[in-house]
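An overview of the molecular structure
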Amino acid sequence: MSAPAKTSADPAATGERQGSRRRRQKGIAGNALWFWVFVGPFVVGLLIFSYLPIIWSLVLSFFEAYNTATPSKFVGLRNYVDMLTDHNFLSSLGTFTIFAVFIVPLTFVLALALALLVNQVKIARAFFRSVFFLPTACSYVVASLIWKLSIFNGVRFGLANTVLGWFGVENIAWLSTVDPPWYWIPLVTVRLWLQLGFYMILFIAGLQRISPTLYEAAYVDGAKPGWQVFRYITLPQLRATSVAVLILNLIAAYQAFDEFYNLVGNVNYARPPLVYLYGISLGSIQDLGHGSAGALILAVIIMLVTLLQNRIFGFGKAGD
């Protein structure tokens with residue numbers, strides 16, 4: 001005769017289930033412990049160095065805070081009103097707009113062109129990807145100083161003026177000539193050199209996601225290689241990548257600081273919002289109240305522009 005099956009009232013079966021439950025609970029607790037061992041330091045750093053300054057900046061924006069990070073007098077929305085009516089702050093937003101008009105389309109077109117060229121290379125493709133991506137590892141400060149001291153330094157021995165001298169062109173003070181505004185050339189070119197490789201990699205990733213069968217079907221239907229295939233196959237398939245590149249590029253343009261500060265300094269004719277806010281908060285005035293209000297206004301503008309782009313291009317919808 002076979003042994004009777006263990007019932008729920010059997011002490012041995014109950015003990016076995018309780019032991020299994022304890023082992024599962026112990027395993028879950030151990031996994032949670034190791035999760036926080038690895039993730040905990042990053043969470044603490046994020047709270048201390050990111051979220052806490054944002055919250056404190058929000059608090060300071062409603063107070064007077066001169067030469068100190070401690071609020072002294074509650075002023076409500078006055079700091080926000082002052083910043084929105086400040087001609088210099090509005091002018092800095094205009095500077096950003098001009099910079100974005102140059103940098104966003106140029107970066108998009110050149111990064112896409114580089115991605116198409118590198119993606120078609122059959123030999124040493126990894127080498128060319130690395131060559132174009134390498135500048136993204138360079139410091140913005142170092143690159144700005146190279147542009148300022150070696151390429152566009154405005155003297156006869158600078159690289160740009162040397163090349164122009166071969167064609168009989170007089171020396172140009174690139175960083176101080178306002179009429180015409182030659183300073184935009186070094187500002188835009190240094191940003192292009194630094195970020196083209198990053199967006200090129202994004203486009204290459206998008207190109208590699210396109211199924212080859214789409215191109216085969218297009219050729220069967222009589223599409224000509226080149227512009228037709230690019231317009232009707234490649235570009236529509238890169239829609240999600242293109243919108244991501246535009247959003248990231250525009251946000252990066254809003255956050256422009258290093259190249260402006262190190263190339264032209266805190267001057268009225270080429271001063272983006274972050275350089276102006278840096279001068280208010282950490283300059284001779286050290287007005288952290290108005291500086292915090294301006295920073296939050298800039299953050300809201302970035303958020304609204306990003307949401308508007310998502311709305312226009314439909315980024316994130318099903319099928320992207």
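Scroll up a little and you will see the structure.
For the structure given in this document, a descriptive report is provided here.

Reading guide: rules and limits
- Residues numbered from 1 in each chain as written.
- Predicted model: local features only at pLDDT ≥ 70, side-chain atom pairs only at ≥ 80, totals over all residues.
- Heavy atoms only, no water.
- 1 Å grid on protein atoms, 1.4 Å probe; cavity = no way out; pocket = protein on both sides within 12 Å on 5 of 7 lines; lining within 4 Å.
- Points joined across faces, edges and corners; volume = space filled by probe spheres on them.
- Helix = DSSP H or I, 4+ residues; strand = E, 2+ residues; numbered from the N terminus.
- Salt bridge = Lys/Arg side-chain N within 4 Å of Asp/Glu carboxyl O.
- Buried < 20%, exposed > 50% of the residue type's maximum accessible area, 1.4 Å probe, protein only.
- Phe/Tyr/Trp six-rings, centres within 6.5 Å; stacked < 30°, edge-to-face > 60°.

Let's talk about the layout of surface pockets
- The computed volume of the largest pocket comes to approximately 420 Å³.
- Lining of the largest pocket is provided by 16 residues; of these, Leu116, Asn119, Gln120, Tyr215 and Thr234 occupy positions nearest its centre.
- Counting residues per element, the ones that place at least two in the lining of the largest pocket are helix H3 (87-120), helix H7 (184-208), helix H8 (212-220) and helix H9 (227-237).

Examining the pattern of salt bridges
- With the rule as written, the count across this model stands at 2 salt bridges.
- Glu64 is paired through a salt bridge with Arg78; the nearest N and O atoms lie 2.8 Å apart. Of this pair, Glu64 sits in strand E1 (residues 63-64) while Arg78 sits in helix H2 (residues 78-84); the two residues are 14 residues apart in sequence, bridging distant segments of the chain.
- Under the relative-accessibility criterion, Arg78 is labelled partly exposed at 36%.

What about the packing of aromatic side chains?
- A full pass over the atoms with the stated rule returns 20 aromatic pairs.
- Measuring from ring centre to ring centre gives 5.3 Å for Phe127 and Phe128, while their planes differ by 75°; the resulting arrangement is edge-to-face.
- Owing to a relative accessible area of 51%, Phe127 belongs among the exposed residues under this scheme.
- What makes Phe128 partly exposed here is its relative accessible area of 32%.
- Taken together through their ring pairs, the aromatic side chains of Phe99, Phe102, Tyr183, Trp184, Phe260 and Tyr269 make up a single cluster.

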